[in-house]
Amino acid sequence: MTERMLASLSFFQRQFLGTVGINLLSLIVMSGLFFTTFVQNHEDNMVEVTQGKATLLGATSASALLFADKYSAVQALAFLEQYATTRYAQIYDANGALFAEYIRPGEEVDFWLTDFEEGLFFANGNVYVSHTITLDNENLGVIVVSESGNASLAQRQRYLAIGSLIFFGSVVLAYMLNWRLQKLLAVPVSRLVEFVRHVAEHKVYHQRLDVLRQDEIGDVVSGVNAMLDTIERHESELYARANYDELTGLPNRHMLGDRLSHSIEIASRRKNSLALLFLDLDRFKVINDSLGHGLGDAVLVAVARILSGLLRQSDSVCRFGGDEFIILLEDIERDESVEYIAGKILAELAKPLHLEGHVLHVSASIGVAQFPHHGGDAATLLRHADMSMYHAKAQAPGQIHYFHRDMETLSKQRLSLEVQVHKALEEQEFSLVYQPQINLASGEIVGFEVLVRWLVNGRYVPPTDFLPVLAEAGFMDRFSRWVLEEACMQNSAWQAAGLLPVKVAVNLPATFFNDSRAVADIMSILEKSRLNARWLEIEITEDTFIASTSSAVKSLASLRDKGVTIAIDDFGTGYSCMSYLQNLPVTVLKIDGCFVRGISTKANSGIVRSITTLGKSLDMLVVAECVETEQQAAVLKDIGCDILQGYLYSKPLCVDDAQDYLAKQAVRAQRYGKEQYSNIAFKGG
């Protein structure tokens, strides 16, 4: 019934009822709150005043009670006549007997002292207060005061009258305002709603309403127009963000995909060729890291400007992401044109860039894929151009590389190898071999270098093939921990069997020491294997000190202090910065095998001699790898190398063969004497 009645009411009537209802509810709530607050405040004030009177009278009548002077007590109470709200006051002595009292005419005592259960209470609309009269902590009596609540009642009545007037006035005002607003709002609001519905349905954000009024309705119309301006602007910005790079202003990969697909369709219909150049800046990370990302961004903007200026109007250049750009060349008549444009790009980029007070030399690597020879769709062309770019980067900075089918085969083989490496790591298919290291002076074994072997389908996969895959896949640190633990466990087992104690040398990558837990992990492995730290040698490359943080050097120093030998492997093939050697925790230098194999030449012989002299001057042991002939050994002995390693003495041995090798060497160790052998073995420790 109620729902049908409401449905039959007009918009104005429903609006009126809603407004009145809201006003009524608000007024009721507010009135209730005000009334409650008023009553509470008034009662609190009555209590405070009454207590003040009782306290004052108690103080003035204390002496009267002390000296039993009733006249003075009555005189003290008489001042209450000036307070119309005071009904009566009574003073009782210490025995509870009435001593003096004041009663306003027309009032009577309705609560005697014996009726008081507490010092303050309300009854019959009045307040009653009792106060103990003391003098020097002596209880002389009690005073009782009663105040009338008639004034509070009058205040409440006035409040209700005012509230009623405000309420009815608000109802009338709401009716008048609602009626007026109905006339002012109904027509323009209906028109506005219809316009907004039309814009939303047809997405015609360029249309606007005419502002015919200078009031709030006009402001609403202006607001709607402003909103449409904002929507139209945001639509344009969203399109730009979705299709253009914010930094360089070039089309991004999203627009590239659309343009490339469209260009392929046109080239396919016209039987034309197009080329996709995938450009990546060389060593851009160095600029970002050393000069900051702000300058790096400036370089990207400058490169974008150079590329845009080199191309024809029909060509496109896009920023693919990071420091990668894509150049789309359409209507290619000859392959030489692609090579010419790519070469021109590299030549322009090779010119010095003057940015923010810096002179920068930028180079790029470019991979090229052409339609239709290298792919028939956008995704394939992009993938092949990307693949070609990485091959160009692998050659040297500033190179151009064209896609060929063998690259895809190699890529698939690389992916397959990564899957196999992961499986081999999980199923422990790798094995360790041990190549003896021989003291040149005594001919005794002083250690083994630990090498890794991986047998797949009856063929050993070279470490140069699978180690880079392990590193790129993020498995190298895990793999290194496994190698380290296996080598330490095996060396401990040999020593427990009574074999000759020797060191095991394990090569660890630079990334291993970037982990703050590196030292703790190594010491944990030594503790687990029960191998003394002096029987472990950690081999690292020169890049460890160049690429790693200072914390890595501190980690190596900590290991050295705990007894672990630190060796630089392949010395002479990296940066070979002599100044850092004297401050590093290194006690062994290993000469790379490429110098040993060519030691018969004057140049290589000079390099080996220089490295040996350097090592000796820093009180380091010098180890030569890949010694294969007596002639090489003789030259190395003449130069002053301490330890040799290579096929001249032994190939890398499996665990059982290495154990037999140690057993045979034990006799020779006894011949030279334990003390001499120990001096040889521990010089680098």
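Here the structure is shown first, and the text comes after it.
Residues numbered from 1 in each chain as written. Predicted model: local features only at pLDDT ≥ 70, side-chain atom pairs only at ≥ 80, totals over all residues. Heavy atoms only, no water.

A. Seen up close, the nonpolar core. F479, F513 and L536 are the most contacted members of the largest nonpolar core, which totals 78 residues. The residues touching F513, leaving out its near neighbours within four places in the chain, are L508, A518, I522, I538, I540, A552, S555, L556 and L559. Judged by nonpolar contacts, the second largest core, of 36 residues, contains I287, A304, I327 and A342. (Core = buried A, V, L, I, M, F, W, Y, C linked by side-chain atoms within 4.5 Å. Buried < 20%, exposed > 50% of the residue type's maximum accessible area, 1.4 Å probe, protein only. Contact = heavy atoms within 4.5 Å.)

B. Molecular detail of the pattern of salt bridges. If you walk through the whole model with that rule in mind, you get 21 salt bridges. Between K393 and D280 there is a salt bridge, with the nearest N and O atoms lying 2.7 Å from each other. Of this pair, K393 sits in helix α11 (residues 378-395) while D280 is found in strand β6 (residues 273-281), placing the two residues 113 residues apart along the sequence. A residue is classified by how much of its surface remains accessible, and K393, at 29% relative accessible area, is partly exposed. (Salt bridge = Lys/Arg side-chain N within 4 Å of Asp/Glu carboxyl O. Helix = DSSP H or I, 4+ residues; strand = E, 2+ residues; numbered from the N terminus.)

C. Looking closely at the pairing of strand β20 (residues 621-624). Burial along β20 is two-sided: L621 and V623 and V622 and A624, pointing in opposite directions, are all buried. Alignment of strand β19 (residues 588-591) against β20, held across four bridges, turns out to be parallel. Paired with K590 across the two strands is V623, which belongs to β20. The pairing of β20 with strand β21 (residues 643-644) spans two bridges and is parallel. (Pairing = 2+ DSSP bridges.)

D. Representation of the packing of helix α19 (residues 602-617) against helix α20 (residues 630-639) in the model. One way to put it is that α19 packs onto α20 with a least axis distance of 10 Å and a crossing angle of 40°. Overall, the two elements α19 and α20 adopt an arrangement that is oblique. Judged by the twist between their axes, the crossing of α19 over α20 is right-handed. The segment α19 lies against α20, with S605, V608, R609 and T612 engaging L636, D638 and I639. By residue class, the composition of the contact of α19 with α20 is three nonpolar, two polar and two charged. (Axes fitted to C-alpha atoms, helices over the stretch in contact; angles between N-to-C directions. Parallel < 35°, antiparallel > 145°, perpendicular 65-115°, else oblique. Left-handed = near helix turned anticlockwise from the far one by under 90°. Nonpolar A, V, L, I, M, F, W, Y, C, P; charged D, E, K, R; others polar.)

E. Main features of helix α15 (residues 518-529). Between its terminal C-alpha atoms α15 stretches 17 Å, which fits the 16 Å expected from twelve residues at 1.5 Å a residue. Burial in α15 covers these residues: A518, V519, I522, I525, L526 and S529. Projected onto a plane normal to the axis of α15, the buried residues spread over an arc of 130° and lie on a single side. Exposed and facing more than 90 degrees away from the buried side of α15 are A520, E527 and K528. Where α15 ends, the next residue or the one after it, R530, has phi of about 60°, a positive value. (Expected span 1.5 Å × (residues − 1). Arc of directions from axis to C-beta.)

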